[in-house]
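Analysis of the macromolecular model
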Amino acid sequence: MGESKLKFPDPHEVEKIPGTEGWERMFPYQYPFVTDDPEREQYEKGMFWFYDGLHYPEPIYPFDIIWDEAWYLALSQFNTRIFAVPPVYGVDHRIINGYIYISPVPVTDPAEIEARVGHFMERAGYYYENWNKLEGQWVKKLEGIISDLEALKIDPLPELEDKSVVMEGLGKSKGYDLLHAYDKLIDLGLLCWQYHFEFLNLGYAAYVTFLDFCQKTFPDVPLQRVTQMVSGIDVIMYRPDEELKKLARAAVDLGVDDIVNSGKKFVEVKAELENSPNGKEWLQAFEKARYPWFWTSTGTGWYHHDKSWNDDLDIPLASLCIYVDKVKAGKPIERPMDDVIKERDRITDEYRALLHDEEAKAGFEQLLGTARTVFPYVENHLFYVEHWFHSVFWNKMREVAAILKDYGFIEEIEDVWYLKRAEIKEALWDVVTAWATGVKPRGPQVWPQEIAWRKGVMDKFREWTPPAAVGTAPEVIQEPFTVVLWGVTNDSLKAWAEVDAAGDPDSVNQLTGFAGSPGVVEGKARVCRTVAEIGQLQEGEILVAPTTSPSWAPAFQKIQAAVTDVGGVMCHAAIVCREYGMPAVVGTGHGTSIIKTGMTLKVDGGTGKVIIVER
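Below is a short write-up of the structure. Quantities reported herein were computed from a predicted structural model and do not represent experimental measurements.

1. Remarks on the nonpolar core
Residues F63, W71, W282, F393, M397 and I424 are the most contacted members of the largest nonpolar core, which totals 190 residues. In contact with W282, other than residues within four places in its own chain, are L247, A250, A251, L254, V256, V260, L273 and L320. By size, the runner-up hydrophobic cluster in this structure holds 18 residues, among which are V508, L511, V527 and V610.

In structure tokens:
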């Protein structure tokens, strides 16, 4: 690794935000960059840390960091200790002013890389050879822990225990049960994330291995062409959106579309539909679709405030109304799968024909087959973990918070997210010991004022713009997750640095990102920072967003292209645009901060260029 020409701030010299002094105590002690340990400080300076805006578009709450800790452990252990991925250990994590930064840790000793190859071939090979059987087991494991989570009881503390404690000789109290339930809730969350990465690293590794083979065999092949060879595969992450389409068709068929699409709240629509047999039939179909498919988060699922559709039925109602309009207008609402598959097969045949060596042909077919086999998991796990499990988990935590509120530890249920999970356990001990002893707990004098201070700190964090990266940029970025998921490459770093150097955002007329999906279009921009804003999209506009998630699916029915701040060729926006056959440029770094709604853009999904044609 040589000295890089790209310069990013020293992580230890990033500006301090006045009024936030002491913020480090809100997060696990190992997360902040430090200067009191020379060896650690030198290591931190020498590494390249980039802001993980893909998962954290805003500062992280003290409790919500649980999922960052979970994948910090899970991803890293599967790379380093379980599958022994040859060129890379885990991914290290830090935090600056509430924003998460990550850094892949390479294996730098060629002899160690060589030594790890044998282990990786044996262990990863077993998973690849038995992928479908093991993935079937994985689904059962996830459904099992989600069932355990849904069944978990968070009971309030009684004034006097039920007589059954005595008559049945139970020998324990609701105080113990509360502590145990909290421990189980957290444990289920961490276990879920162990399973999350059981397959994911190998899924990306297979994809990247095929990519590497293609780039070496066909030196001029665009990255996007390789991703198109693995497109056109149905995954369950599209199922929630398919349920909305079914409901839209049913509303039109049953003649209740005017009620459904009346612009009223769901509770009002429901009341009106219950007055007719057809309305009741549609409502039955709606209820059937809700479980589990409406456990779809409106965000990434990584934040407690990312409501699921089941938590706010106005959200799926608004989305399915987009489809109702399309159905009534006689316009297709299906994804153009036949066209995508036809194009996929055409491109594959084109490159296959370039192979004249039998060994190369065999390698191409094997790697392509493996990439297509693993692809569904790379998308499907999102529904089980980030959407279904997380949505239920957040609500269970609110049941815990209700008990803390009853005892005066927090003023509002939503205040609980300002406490670390270990602090919540301490607070629960305070609650149950005071309850058991019949005395006043200490917490009401401690936590409300601490939470008030933390709220102020979080507000200041939100007003701050985190640098795209800190530390020392490597000469060549080749860690697979960094490239295909986050879209961080040497070219993207150079493009980000150029925009930063411009200073005045109004002087920037071109952005460069990852070529996510091919095609060239010109149209008006619509900047949407949250899923709640996609209702403002007009037909034929270009969506500009920080990132997208599955709950944004209806937006792709209206737009003609997508531009995102973060993400690589495997991010959600790139995958969906390829499935819909529309251009996408992802990982621009600055799209939502430079582009304004109403600007005319030219988006080239083949080159990754976004040009502001008219302001």
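2. What about the pattern of salt bridges?
Summed over all chains, the structure comprises 37 salt bridges. A salt bridge links E450 to R25; the shortest N-O distance between them is 3.0 Å. One end of the pair, E450, is in helix α16 (residues 447-462); the other, R25, is in the segment before α1 (38-46), with 425 residues separating them in the sequence. With relative accessibility at 14%, the residue E450 sits in the buried group. Here R25 falls in the partly exposed class, since its relative accessible area comes to 40%. Linking R398 and E414 is a salt bridge whose minimum nitrogen-to-oxygen distance equals 2.8 Å. One end of the pair, R398, is in helix α14 (residues 358-406); the other, E414, is in the loop between α14 and α15 (421-437), with 16 residues separating them in the sequence. For E414, a relative accessible area of 35% corresponds to the partly exposed category. One salt-bridge network, held together by shared partners, links R25, E423, E450 and R454.

3. Quick notes on the packing of helix α4 (residues 131-151) against α14
Contact pair α4 / α14: the axes reach a minimum separation of 10 Å and the direction vectors enclose 5°. Between α4 and α14, the angle is such that the two are roughly parallel. Listed contacts from α14 to W131, N132, E135, W138, V139, L142, E143, I145, I146, L149 and E150 of α4 are T373, V374, Y377, H381, Y384, V385, W388, F389, V392, F393 and K396. Partitioning the contact of α4 with α14 into residue classes produces 15 nonpolar, 3 polar and 4 charged.

4. What about the packing of aromatic side chains?
To describe a pair of aromatic rings, you give the distance between the ring centres and the angle between the ring planes. Evaluation of the coordinates by the stated rule reveals 49 aromatic pairs. With a centroid separation of 6.2 Å and 90° between ring planes, the pair formed by Y43 and W49 is classed as edge-to-face. Overall, the relative accessible area of 0% leaves W49 in the buried class. When the centroid spacing of 5.8 Å and the interplanar angle of 55° are considered together, the rings of F210 and F364 count as tilted. One end of the pair, F210, is in helix α6 (residues 174-217); the other, F364, is in helix α14, with 154 residues separating them in the sequence. In this pair, the class of F210 matches that of F364, namely buried. Over the aromatic face of W453 sits the side chain of R25, whose NZ or CZ is 4.2 Å from the ring centroid.

5. Regarding the side chain of R94
Along the chain, R94 falls in strand β2 (residues 88-96). Among the residues examined, R94 registers a relative accessible area of 1% and is labelled buried. In terms of polar contacts, R94 uses its side chain to reach the side chain of D92, at 3.2 Å. Apart from the residues within four sequence positions on either side, R94 is in contact with Q30, Y31, P32, F33, R40, Y43, E44, W49, Y72, Y99, I100 and Y101.

6. Focus on unusual backbone geometry
Residues other than glycine predominantly adopt negative phi, and peptide bonds predominantly adopt the trans conformation. For the peptide bond that leads from Y291 to P292, omega is 5°, which places it in the cis range. Relative to the helices and strands, P292 resides in the loop between α11 (277-290) and α12 (314-328). One non-glycine residue, A84, lies in positive phi territory at about 55°. As for its position among the elements, A84 is in the loop between α2 (65-82) and β2. Its identity as a non-glycine residue notwithstanding, N97 has a phi of 50°, on the positive side. On the secondary structure map, N97 appears in the loop between β2 and β3 (99-106). Residue N97 is classed as buried on the basis of its relative accessible area, which comes to 3%.

7. Structural notes on the pairing of strand β9 (residues 561-564)
Side chains A561 and V563 of β9 all project onto a buried face; the interleaved residues A562 and T564 project onto the opposite face, where all are buried too. Examined bridge by bridge, strand β8 (residues 542-545) and β9 share 4 bridges and lie parallel to one another. When the sheet's bridge partners are listed, L543 is paired in β9 with A562. As paired elements, β9 and strand β10 (residues 584-586) share 2 bridges and run parallel to each other. Bridging from a neighbouring strand, A562 pairs with A584 of β10.

8. With respect to the sheet that holds β2
Strands sit in the order β2-β3-β1-β4 across an open sheet of 4 strands; the sheet is antiparallel. On the outer flanks of this sheet lie β2 and β4 (469-471), each paired with one strand and no other. With strand direction ignored, the average angle separating the axes of adjacent strands in the sheet is 25°. The pairing of strand β1 (residues 48-51) with β3 spans 2 bridges and is antiparallel. The residue of β3 that forms the bridge with F50 is I102.

9. A closer look at the pairing of strand β11 (residues 600-604)
With respect to burial, β11 is a largely interior element, 4 of its 5 residues being buried. Both strand β7 (residues 520-527) and β11 contribute to a ladder of 5 bridges, which runs antiparallel. Bridge pairing in β11 places G523 opposite L601. Between β11 and strand β12 (residues 609-614), which follow one another and run antiparallel, lie 4 residues, and G608 among them has a positive phi close to 80°.

10. So, the environment of I315
The topology assignment puts I315 in helix α12. Expressed as a C-alpha distance, the spacing of I315 and C577, which sit 262 residues apart in the sequence, is 22 Å. Not counting residues within four places of it along the chain, the set of residues in contact with I315 comprises T298 and W309.

11. With respect to the sheet that holds β12
Pairing is mixed across the open sheet formed by 8 strands, whose spatial order is β5-β12-β11-β7-β8-β9-β10-β6. The open sheet is flanked by β5 (510-512) and β6 (514-517), the only strands paired with a single partner. Put simply, the sheet's adjacent strands are angled 30° from each other on average, direction ignored. Looking at chain direction, β6 and β10 are connected through 3 bridges and run antiparallel. Looking at β10, one finds that S517 is bridged to A584. Relative to β6, helix α19 (residues 572-580) is tilted by about 40°, and along the sheet it contacts β6, β9 and β10.

Criteria and thresholds
For every chain, the first residue of the written sequence is number 1, and numbering continues from 1 onward in sequence order. Predicted model: local features are reported for residues with pLDDT of at least 70 only, side-chain atom pairs are reported and counted for 80 or more only, and whole-chain, interface and lining totals are derived from all residues. As a rule here, side-chain values come from all non-hydrogen atoms in the structure, and water together with hydrogens is ignored. Residues enter a nonpolar core if they are buried and are Ala, Val, Leu, Ile, Met, Phe, Trp, Tyr or Cys, with the set joined through side-chain atoms within 4.5 Å. When a residue's accessible area, from a 1.4 Å probe over protein chains only, is under 20% of the maximum for its type it is buried; when over 50% it is exposed; and in between it is partly exposed. Here, two residues are considered to be in contact whenever any of their heavy atoms come within 4.5 Å of each other. Should a side-chain nitrogen of Lys or Arg be within 4 Å of a carboxyl oxygen of Asp or Glu, the pair is scored as a salt bridge. We count a stretch as a helix when DSSP gives it H or I for four or more residues in a row; a strand needs E for two or more, and each element gets its number in order from the N terminus. Whenever a helix is involved, its axis is fitted only over the stretch in contact; in every case the axis is a line through C-alpha atoms, and angles between N-to-C directions fall within 0 to 180 degrees. An angle below 35 degrees is read as roughly parallel, one above 145 as roughly antiparallel, one from 65 to 115 as roughly perpendicular, and any other as oblique. The residue classification treats Ala, Val, Leu, Ile, Met, Phe, Trp, Tyr, Cys and Pro as nonpolar and Asp, Glu, Lys and Arg as charged. All others, Gly included, are polar. Aromatic contacts are taken between Phe, Tyr and Trp rings whose centres are within 6.5 Å, Trp giving its six-membered ring; a plane angle under 30 degrees counts as stacked, one over 60 as edge-to-face, and the others as tilted. Remark: a charge is flagged as sitting over a ring if the NZ atom of Lys or the CZ atom of Arg is within 6 Å of the ring centre and within 35 degrees of the ring normal. Throughout this description, a polar contact denotes any pair of N or O atoms lying within 3.5 Å of each other; where both atoms belong to protein, one of them has to be capable of donating a hydrogen while the other can accept it, and for residues adjacent in sequence the pair is counted only when both atoms sit in side chains. By the convention used here, strands pair only if DSSP detects at least 2 bridges between them.

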